[in-house]
Amino acid sequence: MDNLVTVADQFKAQGKVVTVEEYGNGNVNDTFIVTLASAEEKYFILQRINTRVFRQPELIMLNMRTFTEHVHQRLRHVPVSPDRRWEVVRVLRTEDDQDHWIAPGGSFWRAISFIDRSQSFDTIKDIEHAREVGIALGMFHNLLSDLPSEKLVDTLEGFHITPRYLNHYHEVMAENRPKKTPEINYGLQFIEKRREWAHILEKAKGEGRLDLRPIHGDPKVNNVMIDNTTGQAISIVDLDTVKPGLVHYDIGDCLRSGCNPLGEDIDQWERVRFDPELCQAILQGYLSLARDFLTENDYEYLYDAIRLISFELGLRFFTDYLEGNVYFKADHQEHNLARALIQFRLTESIESQKKAIRSIIRDMTQ
Ligand code: GN1
Ligand code: MG
């Protein structure tokens, strides 16, 4: 285990490192908040990248650079409206002017500025918060809408390609014989019933109906920073999965996260439901900034995107449980199974409200 203060000391900051503490609920990387003895900059974020997931972490840093340079330039030419503060995180350099530091044991570390006077939440608090989360994603897509997606490298091959997760699930199933508990049986049947439909977005992409664009990849509620005073969204953080993809992955992910008021880590998975009112508010916020670059085809696949990304995350958790928790960090043996059931239940709730969700989308696009 690396000494955290020694690691934090590798990065150039405004003041002396006072403490380093665990931060947030990331499922993949390890995140810490560093407190500094400085009046100008009190904190920064320190992360150990999970290199079993991100095999080429230098590529993440390259994309972050492409992203931040593009956005800074865009904001210089077309500033955000005067009543909104919008911030982009900065990558801190090391004493040798690198954007990361590799510890003697081989672990990969990087540091990122902390968005001052802001916080994030694991679940949506109210309709206003929902709208702000939508605005944040709209702002993000808007700022990147003129960056050709080829400028970004693929840092995580297969990410959000549902058929690839299905293939992997079948491979894992072929090698393991899961116990036949009621929960596992439910999961197995759940996946089986949806395996044909699960190709929907990749099929549309293959047919040229949906195009690749720069995406965030993980715009869940707790990656949206909210200003402590105004309650407005002021940044989206966690840029590790910024890469070419379908905006549908992002919209689906934002809604599966935002419209699940109980959150993605609760005990009673049967109680999980998808809230259409929050969906409406998030979409309203999103479309207030994204309307101009969405096509008719884009709208046609929105409902399926919401359903698919919930299903896909359930499938990813379920497979990881069967495989022995090799991808997502787990607090206990059955943790990823419990997380999977929550996403499957959420998917069912989306399916049972298909008409209402489709009509929300239709009303908003007319
Ligand atoms: C992972 O590590 P974290 O919490 O930022 C995952 C996302 C999932 C999310 C579910 C690289 O994100 O795809 O939606 O968990 N990130 C990766 O909470 O797989
Ligand atoms: Mg993430």
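Predicted model, so just to flag it, every value in this text is computed and none were measured.

Turning to the coordination of the magnesium ion (ligand 2), a few remarks are in order. Around the magnesium ion (ligand 2), the protein contributes the donor atoms Asp218 (OD) and Asp238 (OD), at 2.0 Å from the metal centre. Taken together, the residues span a long stretch of sequence, with Asp218 in the loop between β7 (213-215) and β8 (224-227) and Asp238 in the loop between β9 (233-236) and β10 (243-245) at a distance of 20 residues. The buried category is assigned to Asp218, whose relative accessible area is 18%. With relative accessibility at 25%, the residue Asp238 sits in the partly exposed group.

Put simply, helix α3 (residues 127-144) and helix α8 (residues 276-290) touch, their axes get as near as 6 Å, and they point 35° apart. The chirality of how α3 crosses α8 is right-handed. Contact with α3, carried on its side by Ile127, Ala130, Arg131, Gly134, Ile135, Leu137, Gly138, Met139, His141 and Asn142, involves Glu277, Leu278, Ala281, Ile282, Gln284, Gly285, Tyr286, Ser288 and Leu289 of α8 and no other residues of that element. Residues of the contact of α3 with α8, tallied by class, amount to ten nonpolar, seven polar and two charged.

Near ligand 1 you find 17 residues, and of these Asn27, Lys220, Glu264, Arg316 and Tyr327 are the closest. One of the backbone N or O atoms of Val28 is found 3.0 Å from an oxygen atom in ligand 1. The contact in question runs from an oxygen atom of ligand 1 to an N or O atom on the side chain of Tyr327, over 2.5 Å. Notes on ligand 1: free accessible area 450 Å², of which the protein chains cover 94%. When each cavity is represented as a set of grid points, ligand 1 is found to reside in the largest pocket. Elements supplying a minimum of two residues to the shell around ligand 1: α7 (247-258) and α10 (302-323). Across the shell around ligand 1, the residue classes break down as seven nonpolar, three polar and seven charged. In this structure, the shell around ligand 1 is formed jointly by two domains, domain 1 (1-116) and domain 2 (118-366), each of which donates at least three residues.

This brings us to the domain arrangement of the chain. Annotation of the chain at the domain level lists domain 1 (1-116) and domain 2 (118-366). The centre of domain 1, based on its C-alpha atoms, is set 25 Å off from the matching centre of domain 2. Domain 1 puts 32 residues into the contact, and the matching count from domain 2 is 40 residues. When domain 1 packs against domain 2, the two sides together hide about 3,200 Å² of surface, and 56% of this comes from carbon and sulfur. Ranking the residues of domain 1 by area buried against domain 2 places Asn27, Arg84 and Trp86 at the top, with a combined share of 22%. Across the domain 1-domain 2 interface, the total number found is five salt bridges. Looking at the side of domain 1 that touches domain 2 element by element, the count peaks at eleven residues for helix α2 (residues 57-77).

Cut-offs applied
- Residues numbered from 1 in each chain as written.
- Chains lettered and ligands numbered in written order.
- Predicted model: local features only at pLDDT ≥ 70, side-chain atom pairs only at ≥ 80, totals over all residues.
- Heavy atoms only, no water.
- Donors = N, O, S within 2.8 Å, 3.2 Å for Na, K, Ca; no water.
- Helix = DSSP H or I, 4+ residues; strand = E, 2+ residues; numbered from the N terminus.
- Buried < 20%, exposed > 50% of the residue type's maximum accessible area, 1.4 Å probe, protein only.
- Axes fitted to C-alpha atoms, helices over the stretch in contact; angles between N-to-C directions.
- Left-handed = near helix turned anticlockwise from the far one by under 90°.
- Contact = heavy atoms within 4.5 Å.
- Nonpolar A, V, L, I, M, F, W, Y, C, P; charged D, E, K, R; others polar.
- Near = heavy atom within 4 Å.
- Polar contact = N/O pair within 3.5 Å; in protein donor to acceptor, adjacent residues only side chain to side chain.
- Areas by Shrake-Rupley, 256 points an atom, 1.4 Å probe, with all protein chains shown as cover.
- 1 Å grid on protein atoms, 1.4 Å probe; cavity = no way out; pocket = protein on both sides within 12 Å on 5 of 7 lines; lining within 4 Å.
- Sits in = over half its atoms within 2 Å of the grid points.
- Domains from an automatic or database assignment.
- Buried area = accessible area lost by both parts, 1.4 Å probe.
- Salt bridge = Lys/Arg side-chain N within 4 Å of Asp/Glu carboxyl O.

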